[in-house]
Amino acid sequence: MRLSRMPEPFPSMPRGLRLLLLCCSMLVPAAARAQAHGQAADEAEAIEAMESQIARIQEQQVELQKDLAAMRRELAQHRARVFGSRPAAPRGTAQPATLARNAAAPPPPIHPARLPSDVPPPTIGGDTPTYAAVIGQRDEDLVNRVAENNVGPHSRGSAGAQAAGALGDHGVFHVGPLTVILGGYFDTSAVLENRHVASGTFNYWQALPFPQSGNYHQNNFEGSPRYSRFSILARGNIDSHTTLSGFVETDFGAGAETTNPYESNAYVPRLRQAYLGYDDTRDGDHLLVGQAWSLLTPGRAGIIARQESLPETIESSMLAGQTWTRQWQARYVHEMLHHRLWFGLSIENPATLYDTTGFTNNNGSVPLPGGGTATIGSNGTGLTEFTTNYSDEIAPDVIGKVAWDPSWGHYEAEGVVRFPHDRVFANGAGHNNTAIAGGGGASAVLPIIPHTLEIHLAGLAGVGIGRYGSVLLPDVTLSRQGKPKPLPDAQATAGLIAHPTQQIDLYGYYGMQRSGRDYFSSGGAAYGYGNPLSSNAGCAVEMSPLACTASIRSVQEFTVGAWWRFLRGRYGTLEVGTQLAYSRVQTWRAIGGAPATGISQIFFDFRYLPFQ
């Protein structure tokens, strides 16, 4: 059987052309498949590159936010000036100027702008940081709002802010719903002076030697890192307008019984501040309980903890005439009129400095010249210092303050009532004695050139208030019957502070504290403070065997200085400071005249602020 041949397609087409078409039909699909495979590989590589770029951008975002934080203060000032010309917002809405620097650089586009108290706790352990976690380092330590007064809160890098207890811009982290913020600095300071006073960079004016002492005729140099300071704040949000916080601050300014400068220089930690706070920014109520700067200490913005107006000086005693204490207190503050008017009331730990010139003081037991004994206190026992006399106290000091923040400047008026107390036993019977003491004062911060040049003024006057001044002049002396007799006292400071650049601070201060006198004489002996029958005969002669009572009438200090922040970045701030100071002590006239003494000093300081 013969098979028939199939007819060829396209019989008229040349055989070579038909072979070429067959090859093309096989090669074109293969090339298409290869091209598709190459495109897929390119796309995978491009996706991988984009993912790597996104990861790098996320890493850079954190670094950029840190860099932007350095610009936020300047932006806040510009925004405050813009909003300052507009009507005040209704109560309960965000104000243009806030102590938390809420008028600041906007957040990244992916995050809505929020007040620190409005943001939920940030996610812990996520790859992408939240706005609260990155930017909150300038917001979350302070939540109280203030009105724009062209003074504003402290610049955190300034020495005045550091003295008040400013926290850092870095060192912010979260533990569950809590925000934890670190503060403080490493400090090494030194003083060169033309008198030998063994107090380092702390000026103890009552110990200034007179020519009678060999220390008057000797220079002295001393350096120490003991005023390095560290602090921590923990804060939690109850809701969008209410917060709880706790703050503690310490340095190494205390000296133990074994402390000496010969080998170990083992200075010990001391408690500077430790308190808890409750803040309600909607209703304007603020509570503080614990050890903090006294309500009598001048401030610069509202009545707010860590916003006290303190000198920029290196000397750890700050300035003669500066009004301050750090002590236990229970304080209530209420604000109104859109953060412009503040009222504060505080009960604070009492303590009384007694002058017992002419008397014999045996551990707080003082024999009286007419017979009998006055008990004014007792040396410490248990966990208190056994060489320190703790005065008898019947009630806390009561302090009130009003602060006003108009559009220009910050102004305060304050008052204090105290109750010095002792017990007298005479003629077979004992009775308690309580005196009423106190005084009033005022302070102001005047922004001559806002945020560049300021004048600081403060003063306090009254009776029995000597311990509230840096010089620590006595509060009371004893009467003939052993009753507390409050002594008149006045303390005042004036300062000019300039910030010509963000790296340089300049300052000049004058401070003074004066004491009145109260005295009596009995049996030819002189008793009391400033008695003209006491003896100053030996004060002016070196190694004189004669007495030098030298009851201080006044102390004055003149000082100028500067700080230079010469290295600053994400690693912190390194700054150097120097200060020139001259102090003059004058005494009440007595037998032998009214001797005076003085001291000239130059201070040096290096500080590393790792959280600024």
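For clarity, every value in this text was computed on a predicted model and none was experimentally measured.

J.: Report on the overall build of the protein chain, specifying residues and quantitative values.
T.: Looking only at helices and strands, the protein chain features 3 helices and 28 strands. The burial tally for the protein chain puts 47% of its 612 residues in the buried class. Residue pairs in contact within the protein chain that sit at least 24 positions apart in sequence constitute 66% of those at least 6 positions apart. When the accessible area of the protein chain is evaluated, it comes to approximately 28,700 Å², of which 62% is carbon and sulfur surface.

J.: Which residues make up the pattern of salt bridges, and what values do they have?
T.: Overall, the coordinates contain 14 salt bridges when judged by the stated rule. Lys401 is paired through a salt bridge with Glu412; the nearest N and O atoms lie 3.1 Å apart. Here Lys401 is found in strand E14 (residues 397-404), whereas its partner Glu412 is found in strand E15 (residues 410-418), with 11 residues between them in sequence. With respect to class, Lys401 is no different from Glu412; both count as buried. Residue Arg565 is joined to Glu575 by a salt bridge in which the shortest nitrogen-to-oxygen separation is 3.8 Å.

J.: Which residues make up a nonpolar patch on the surface, and what values do they have?
T.: On the surface, Leu276, Val289, Trp328, Leu345, Ile347, Val398, Val417 and Ile436 cluster together to form a nonpolar patch covering roughly 680 Å² of accessible area. When you line up the elements, Ile347 lands in strand E9 (residues 341-348). Judged by its relative accessible area of 36%, Ile347 falls in the partly exposed class.

J.: Help me get a handle on unusual backbone geometry, residues and values and all.
T.: You will see that Arg306, though not glycine, has its phi angle at about 70 degrees, which is positive. You can see Arg306 is positioned in the loop between strand E7 (285-293) and strand E8 (326-336). Of note, the phi angle at Leu337 is positive, near 55 degrees, even though the residue is not glycine. Turning to its location among the elements, Leu337 is positioned in the loop between E8 and E9.

J.: Before we move on, could you go through the state of the cysteines and cite the residues and values that matter?
T.: Applying the stated criterion across every chain, the model contains 1 disulfide. Between the sulfur atoms of Cys539 and its disulfide partner Cys548 the distance amounts to 1.9 Å. In this structure the cystine formed by Cys539 and Cys548 twists about its S-S bond by roughly 105 degrees; its chirality is therefore right-handed. Given the relative accessible area of 0%, Cys539 is considered buried. For Cys548, a relative accessible area of 23% gives the class partly exposed.

J.: Outline the environment of Leu478, supporting the account with residue identities and numerical values.
T.: One can find Leu478 in strand E20 (residues 476-478). Apart from the residues lying within four places of it in its own chain, the contact partners of Leu478 are Tyr354, Asp355, Phe359, Val366, Ala374, Ile376, Asp422, Lys483, Pro484, Lys485 and Phe520.

J.: Which residues make up the environment of Phe603, and what values do they have?
T.: Positionally, Phe603 belongs in strand E28 (residues 596-609). With 381 residues separating them in the primary sequence, Phe603 and Glu222 have C-alpha atoms 9.9 Å apart. If near-sequence neighbours (up to four positions away) are discounted, Phe603 is found in contact with Ala190, Val191, Thr201, Asn203, Ile314, Glu315, Gly577, Thr578, Gln579 and Ala581.

J.: Lay out the sheet that holds strand E11 (residues 373-375) with the relevant residues and their values.
T.: Ordered by their spatial adjacency, 4 strands build an open sheet running E10-E11-E16-E17, and the pairing between neighbours is antiparallel. At either end of the open sheet lies a strand with only one pairing partner, and these are strand E10 (365-367) and strand E17 (429-434). Each neighbouring strand pair of the sheet contributes to a mean axis angle of 25 degrees, computed without reference to strand direction. The pairing of E11 with strand E16 (residues 421-426) spans 3 bridges and is antiparallel. Looking across to E16, one finds that Thr375 is bridged to Arg423.

J.: Just give me the short version of the nonpolar core, but keep the residues and values in it.
T.: With 14 residues, the main nonpolar core has Leu296, Ile303, Trp342 and Ile399 as its most contacted residues. When residues no more than four places from it in sequence are discounted, the contact partners of Ile399 are Ser294, Leu295, Leu296, Gly344, Leu345, Ser346, Glu348, Gly415, Val416 and Tyr468. If you look at the next biggest cluster of nonpolar residues, it comprises 13 residues, including Ala320, Leu487, Val585 and Ile599.

J.: Provide a residue-level description of the pairing of strand E18 (residues 437-449), including the pertinent values.
T.: Here 9 bridges tie E15 to E18, and the two strands are oriented antiparallel to one another. Within the sheet, the bridge partner assigned to Glu412 lies in E18 and is Ser443. Pairing geometry for E18 and strand E19 (residues 453-463), over 11 bridges, is antiparallel. Each residue of the ladder has a partner; that of Gly440, found in E19, is Ala461.

Reading guide: rules and limits
- Residues numbered from 1 in each chain as written.
- Predicted model: local features only at pLDDT ≥ 70, side-chain atom pairs only at ≥ 80, totals over all residues.
- Heavy atoms only, no water.
- Helix = DSSP H or I, 4+ residues; strand = E, 2+ residues; numbered from the N terminus.
- Buried < 20%, exposed > 50% of the residue type's maximum accessible area, 1.4 Å probe, protein only.
- Contact = heavy atoms within 4.5 Å.
- Areas by Shrake-Rupley, 256 points an atom, 1.4 Å probe, with all protein chains shown as cover.
- Salt bridge = Lys/Arg side-chain N within 4 Å of Asp/Glu carboxyl O.
- Patch = residues over 30% accessible without salt bridge, like charges linked within 9 Å, V, L, I, M, F, W, Y side chains within 5 Å.
- Disulfide = S-S within 2.5 Å.
- Pairing = 2+ DSSP bridges.
- Axes fitted to C-alpha atoms, helices over the stretch in contact; angles between N-to-C directions.
- Core = buried A, V, L, I, M, F, W, Y, C linked by side-chain atoms within 4.5 Å.

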